[in-house]
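Each chain, written out:
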Amino acid sequence: STRHCPWKMNQLPPKSPVASPVSESTNSRVEALDNLSMDSFWLEVENIKQSAEAEQEECSLADVKTQEEGEAEAEWLQDAGLAELLGDPASEQDNLVLLSTLTRTQAAAVQRRLDTYSRSRRRRNKHPVRDVRDIFAVANSEDTAAEKEESSPDPLWHNLRTSNTQRKTQDYSCTVRNPGKEEVFNMDVAYSEQAAVLLKGSFLSESRKLKDGNALTRFKIPKGRLGVTRIGDLSAQDMKKIPTLALIELTALCDILGFELKRNKAAKLKTTEKRLFGVPLNTLLENDQKLLPNTKVPLLLQALLSCLEKRGLETEGILRVSGSQTRIKSLEQKLERDFYSGLFRWDEVHQNDVSGLLKRFIRELPAPLLTAEYLPAFAAVQNIPDLKQRLQALNLLILILPESNRNTLKALLEFLSKVVARENNNKMNLWNVSTVMAPNLFMHKGLPNKIPEGKEKQLAEGAADVVRMMIHYQDLLWTVSSFLVAQVRKLNESNSKRYQFCDKRIKNLLRKIHADKDKVEKNQGEPSKIVKVHASLLLKDSLEVHLNNATRVADVLKQFQKNLCQNGWNIVNTVNLLKCNNSVECTNLLLYEVGGNIGEHCLDPDTYLLDLYHINPHAEWIIKQNPSYPRMF
């Protein structure tokens, strides 16, 4: 049985002194605190309900709309950049290039959805779609015989579960969560491949409940020879490839873990006559960029956060204590009228009213900040038992978000971290902040929902737990995994070097790809190399660098700094490069990898350059000023 959302009931769900059954090792003090602080969630729900009722609006949680059989798979293949598999020949070559970059688990995810879609088409007696095997030309007799041996449905998925463990079985994940120690968060190997290895070892059989994450385990991303890549380090051209790859990887991970990746249909946005509240993010940014080019976060949100940071971080109960609904509505009208003219007086607004405006801005977006399509997926993360795998799924979901949503979410989470950092003064710990903000992120008036009987508390705790993870682990979540960067490089390489797609199945193609990769790696034995590093925007000269196995980006920047100061190089842009005391600071400079198999890549200071040269020998290396460094104008 189902009923409408809990905040539409006369009474809130009763407080339970005992949470759902959890492990004996769960921190009892944190658990007791969490049970008490769920009141903040339901109080926030009531505040939202009152605000909606005052404007005669309906408010509800997001849910997935029912789709016909095969429809979800068709949409998935479209969004994954594989439309050609549905019979659209226009993008055939791009599809083939994308398929050539997939891991075995990712290929299995594609094969499963194509098989499901094909079966649904046959049931509806429509023209048969192209089989993925057709892309790789006609099979020979040996391939046909092999196919008969693999005649069971979804052979790639079957092989993933039944093949013996001949591949390397590295310790990809620590299955026991020890809050007293720092755990490794491996980003070099695809998450789905890590999960497949653990599955073979039956490590996933233990059931870890939601509350296992309360201790907030510390994770460390080990820096490989190529360093770590953050969101923002890649060019816009390369970042456009990341969401497609992340979607395929997320689907493969969910397949391995046995969870359904739920997605909504894209919502149709209603037009509004307002200029600030209830306006789509992209429209807001387009308007803001007319005033301030390169704006990535709406100016109104920046102003709200700035006001709260200046005067609200020390306020007890900030975000939790609700401002006056009447005043908030009046302030919204004044902002609509005076914000862009600069006449709005922020110093006259009470901090609790500003926090009310902030939450209202988020709720009034025509589509949820986490997007209508992926809000169910964000909510479903709570169902993954293992904390590390929950974070892997969240990392991929963050990468899938549109750039405007991702940038806006990051600005919000950075502010929420500052609130938590002042906990001693404002009495808002991480869980308090999470329970208050969860309804504002997961409730949306445009997405109707019914909640199963007795599931209200579980869903509320799960939503708050997802927000808590996003706040606490945001540095990790805003990292682009090394395996995804490697796939982007492969896509770029394939634009000039096309593989001959004569193999019958995806897995046969993958064998060829990996064999070619092994050949390349054998030729990467050069112990040293001399290269030139350019700094055309700063200097007329270039820097000659002798690379060896120990040469890092930081070393090159220090060498550049030393030569600049000692040799009196011809400086082009003194104002931007020098500090007031005529010294050069290394943090003012960044080294970029440009061209070859990458668009533009801001390099981690700990990147070993000889290793990078072997991976991308045709790139140029250019020193530029750090765009976030304060200019001396």
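See above for the structure.
Summarised in this report is the structure supplied together with it. Bear in mind that the values here come from a model prediction, so they are computed numbers and not experimental data.

What counts, and at which threshold
- Residues numbered from 1 in each chain as written.
- Predicted model: local features only at pLDDT ≥ 70, side-chain atom pairs only at ≥ 80, totals over all residues.
- Heavy atoms only, no water.
- Helix = DSSP H or I, 4+ residues; strand = E, 2+ residues; numbered from the N terminus.
- Buried < 20%, exposed > 50% of the residue type's maximum accessible area, 1.4 Å probe, protein only.
- Contact = heavy atoms within 4.5 Å.
- Areas by Shrake-Rupley, 256 points an atom, 1.4 Å probe, with all protein chains shown as cover.
- Phe/Tyr/Trp six-rings, centres within 6.5 Å; stacked < 30°, edge-to-face > 60°.
- Lys NZ or Arg CZ within 6 Å of the ring centre and 35° of its normal.
- Pairing = 2+ DSSP bridges.
- Axes fitted to C-alpha atoms, helices over the stretch in contact; angles between N-to-C directions.
- Expected span 1.5 Å × (residues − 1).
- Salt bridge = Lys/Arg side-chain N within 4 Å of Asp/Glu carboxyl O.
- Arc of directions from axis to C-beta.

## Brief notes about the overall build of the protein chain
A count of helical and extended segments in the protein chain gives 25 helices and eleven strands. Counting the 633 residues in the protein chain, one finds 53% classified as buried. Sequence separation of at least 24 residues holds for 80% of the intrachain contacts in the protein chain that already meet a minimum separation of 6. By element, 49% of the accessible surface of the protein chain is carried by carbon and sulfur atoms, the whole surface being about 30,100 Å².

## Description of the packing of aromatic side chains
Taken as a whole, this structure holds eight aromatic pairs when the rule is applied. Centroid distance Phe41 to Trp42: 4.9 Å. Interplanar angle 80°. Geometry classified as edge-to-face. For the pair shown, Phe41 and Trp42 are each scored as buried. Ring geometry for Phe344 versus Trp346: centroids 4.7 Å apart, planes at 70°, classification edge-to-face. Ring-pair connections join several aromatic residues into one group, and the members of that group are Phe185, Tyr191, Phe219, Tyr473 and Phe483. Over the face of the ring belonging to Trp478 we find Lys410, whose NZ or CZ atom lies 5.6 Å from the ring centre.

## What about the sheet that holds strand E11 (residues 620-625)?
Pairing within the open sheet is mixed, and its five strands lie in the order E8-E7-E11-E9-E10. With one partner strand each, in any of the chains shown, strand E8 (543-547) and strand E10 (598-602) form the two edges of the open sheet. Strand-to-strand twist across the sheet, computed as the mean angle between neighbouring axes with direction ignored, equals 30°. The pairing of strand E9 (residues 589-595) with E10 spans four bridges and is classified as antiparallel. The partner of Glu593 across the bridge, within E10, is His601. In the packing of helix H21 (residues 482-494) onto the sheet, the strands contacted are E9 and E10, and the crossing angle to E10 comes to about 150°.

## Here we look at the pairing of E11
Pairing of strand E7 (residues 529-534) with E11, which is carried by two bridges, proceeds in the parallel orientation. Residue pairing in the sheet places Val533 in a bridge with Trp621 of E11. Alignment of E9 against E11, held across six bridges, turns out to be antiparallel. Each bridged residue has a counterpart across the sheet, and for Val594 the counterpart in E11 is Glu620.

## So, helix H19 (residues 456-472)
It helps to recall that an α-helix has 3.6 residues per turn; residues three or four apart then point in one direction. Across its 17 residues, H19 extends 24 Å between first and last C-alpha, which sits within 8% of the 24 Å expected from 1.5 Å per residue. Across the 17 residues of H19, 13 count as buried, placing the element largely inside the fold.

## Here's the deal with the pattern of salt bridges
A complete count under the given rule lists 24 salt bridges for this structure. The salt bridge partner of Arg422 is Glu314, with a shortest N-O separation of 3.3 Å. Taken together, the positions of Arg422 in the loop between helix H16 (403-421) and helix H17 (423-426) and Glu314 in the loop between helix H11 (299-311) and helix H12 (325-338) put the pair 108 residues apart, joining distant regions of the chain. For Glu314, a relative accessible area of 43% gives the class partly exposed. Between Arg345 and Asp347 there is a salt bridge, with its nearest N and O atoms 3.3 Å apart. Among the charged side chains, a network of salt bridges with common partners joins Lys223, Arg552, Asp555, Asp604 and Asp606.

## Considering the environment of Gly356
Considering the arrangement of structural elements, one finds Gly356 in helix H13 (residues 351-364). A C-alpha to C-alpha distance of 9.2 Å links Gly356 and Arg320, two positions 36 residues apart in sequence.

## Observations concerning the environment of Leu416
By secondary structure assignment, the location of Leu416 is in helix H16. Residue classification places Leu416 among the buried positions, given a relative accessible area of 0%. For Leu416 and Leu430, which are 14 residues apart along the polypeptide, the C-alpha to C-alpha distance reads 8.6 Å. Once you skip the residues sitting within four places of it in the chain, Leu416 turns out to touch Leu319, Val433, Met437 and Ile471.

## Some details on the environment of Val197
Within the secondary structure, Val197 is located in helix H7 (residues 191-200). Spatially, the C-alpha atoms of Val197 and Ile256 are 9.9 Å apart, while their sequence positions differ by 59 residues.

## Structural notes on helix H2 (residues 71-79)
Looking only at H2, the buried set comprises Glu73, Ala74, Trp76 and Leu77. Viewed end-on, H2 has its buried residues packed into an arc of 160°, placing them on one side of the element. In this fold, the buried residues of H2 make contact with helix H4 (104-123) and helix H9 (242-257). Note on H2: the residue one or two positions beyond its end, Gly81, has a positive phi of about 75°.

## Focus: unusual backbone geometry
Within the chain, Leu319 stands out as a residue other than glycine whose phi angle is a positive 80°. As for its position among the elements, Leu319 is in the loop between H11 and H12. Using a relative accessible area of 0% as the deciding quantity, one classes Leu319 as buried. The residue Thr371 is not glycine, and still its phi comes out positive at about 75°. Summarising the element assignment, Thr371 is placed in the loop between H13 and helix H14 (375-380). Here Thr371 falls in the buried class, since its relative accessible area comes to 6%.

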